[in-house]
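# Topology and contacts: notes
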Amino acid sequence: MRSPLLLAPALLAALTLSTLAPRARADVAPPFNDGYVEACTVDKQAAAGRECLSCSAYHGNVDHCSESLASYGFDRACRTRGASVWAEVWCRASGPQARSVPKDVLGQLDNASAHPPAPAAPTGTLPFASAPLLVVAPPAAPAASAPVGPPPVPPKDGCDVTPGAETAIWAPLLALGALAIGWSRRRARR
């Protein structure tokens, strides 16, 4: 039988591996058996005199809904559960003074990775302008400030795990474990 002191390095390595093992950060759906009912729906938030819309968002595009709907007078009423993918309900007072939301904005609300289309430039001339207006464009942003790489893509199955992250953490931990086991065997031979 081996001495407990000889097993200590192997146990330490096993404990280190188990506590430092990477864990997938994922959205956890509410269990169906606990009676949870989603309160953040268009039907539950809409009331008389209110117009509500549903909008999808995710961790890589958290401002999707506000960028799409805030300029049309909508305010966020609620947000569903979810850490990396969720839905939001945005509402406003309905009436003839409410600015209509363009179809292209409405069409992209369910796509969490979309960005709202640029607003159309106003057409026509100003009634008080007798001479052409001189428009000065702002200076162009330097090329170095442009984002590098592809835009983020929302996860397909709700998990937020970086590809290759498991390998990056496991390699040093496995090397540490092998070193501890080798050290304990070497000590046992003495």
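A few points on the structure.

Reading the values: rules and limits
- Residues numbered from 1 in each chain as written.
- Predicted model: local features only at pLDDT ≥ 70, side-chain atom pairs only at ≥ 80, totals over all residues.
- Heavy atoms only, no water.
- Salt bridge = Lys/Arg side-chain N within 4 Å of Asp/Glu carboxyl O.
- Helix = DSSP H or I, 4+ residues; strand = E, 2+ residues; numbered from the N terminus.
- Pairing = 2+ DSSP bridges.
- Buried < 20%, exposed > 50% of the residue type's maximum accessible area, 1.4 Å probe, protein only.
- Contact = heavy atoms within 4.5 Å.
- Core = buried A, V, L, I, M, F, W, Y, C linked by side-chain atoms within 4.5 Å.
- Phe/Tyr/Trp six-rings, centres within 6.5 Å; stacked < 30°, edge-to-face > 60°.
- Lys NZ or Arg CZ within 6 Å of the ring centre and 35° of its normal.
- Disulfide = S-S within 2.5 Å.
- Axes fitted to C-alpha atoms, helices over the stretch in contact; angles between N-to-C directions.

### Concerning the pattern of salt bridges
Evaluation of the coordinates by the stated rule reveals two salt bridges. Here R92 and E51 are joined by a salt bridge, their closest N and O atoms 2.9 Å apart. In this pair, R92 is assigned in strand β4 (residues 85–93) and E51 in strand β2 (residues 50–58), connecting sequence segments 41 residues apart.

### Considering the pairing of β4
Relative to β4, β2 is paired through nine bridges, and the arrangement is antiparallel. Within β4, the residue paired with C52 across the bridge is C91. The turn linking strand β3 (residues 75–79) back onto β4 is made up of five residues, and G82 within it adopts a positive phi angle of 135°.

### With respect to the side chain of T80
Turning to its location among the elements, T80 is positioned in the loop between β3 and β4. Taking the relative accessible area as the measure of exposure, T80 reaches 15% and is therefore buried. Residues within four places of T80 in sequence aside, it is in contact with E38, C40, W86 and A87.

### Some remarks on the pairing of β3
One ladder, built from four bridges, connects β3 with β4; its direction is antiparallel. What sits directly across from D75, in β4, is C91.

### Some thoughts on the nonpolar core
By size, the foremost hydrophobic cluster in this structure holds twelve residues: L53, C55, A57, C65, L69, Y72, F74, W86, W90, V101, V105 and L109. Looking at this core, the elements that each hand over two or more residues are β2, α3 (64–69) and β4. Looking at which element gives the most residues to this core, the answer is β2, with three residues. Other than its neighbours up to four places away in sequence, L69 contacts L53, C55, F74, W90 and L109. Counting residues in each nonpolar core, the second largest holds five residues, with C40, C52, C78 and V89 among its members.

### Overview of the packing of aromatic side chains
With the rule as written, the count across this model stands at zero aromatic pairs. Sitting over the ring of W86, R79 keeps its end group 3.7 Å from the ring centre.

### Side note on the state of the cysteines
All told, the structure shown has three disulfides when counted by the stated rule. Shown here is the disulfide that connects C52 with C91, its sulfur atoms set 2.0 Å apart. As the torsion about the S-S bond is roughly 110°, the C52-C91 disulfide counts as right-handed. Placement of the pair is C52 in strand β2 and C91 in strand β4, with a sequence separation of 39 residues. Of the two residues, C52 and C91, both sit in the buried class. Each sulfur in the disulfide pair C55 and C65 lies 2.2 Å from the other. The sign of the S-S torsion, about -100°, decides the handedness of the disulfide formed by C55 and C65: left-handed. With C55 in strand β2 and C65 in helix α3, the pair connects residues that are ten residues apart, well separated along the chain.

### Some details on the sheet that holds β3
Here three strands make up an open sheet; going across it, the order is β2-β4-β3 and the pairing antiparallel. Pairing within the sheet leaves two strands with one partner each, and these edge strands are β2 and β3. Averaged over all neighbouring strand pairs, the angle between strand axes comes to 30°, with direction disregarded.

### Concerning the environment of S100
Counting through the fold element by element, S100 comes out in the loop between β4 and α4 (103–107). Considering only alpha carbons, one finds S100 and Y72, 28 residues apart in sequence, at a separation of 7.4 Å. Beyond its immediate chain neighbours, meaning those up to four positions away, S100 contacts Y72 and R92.

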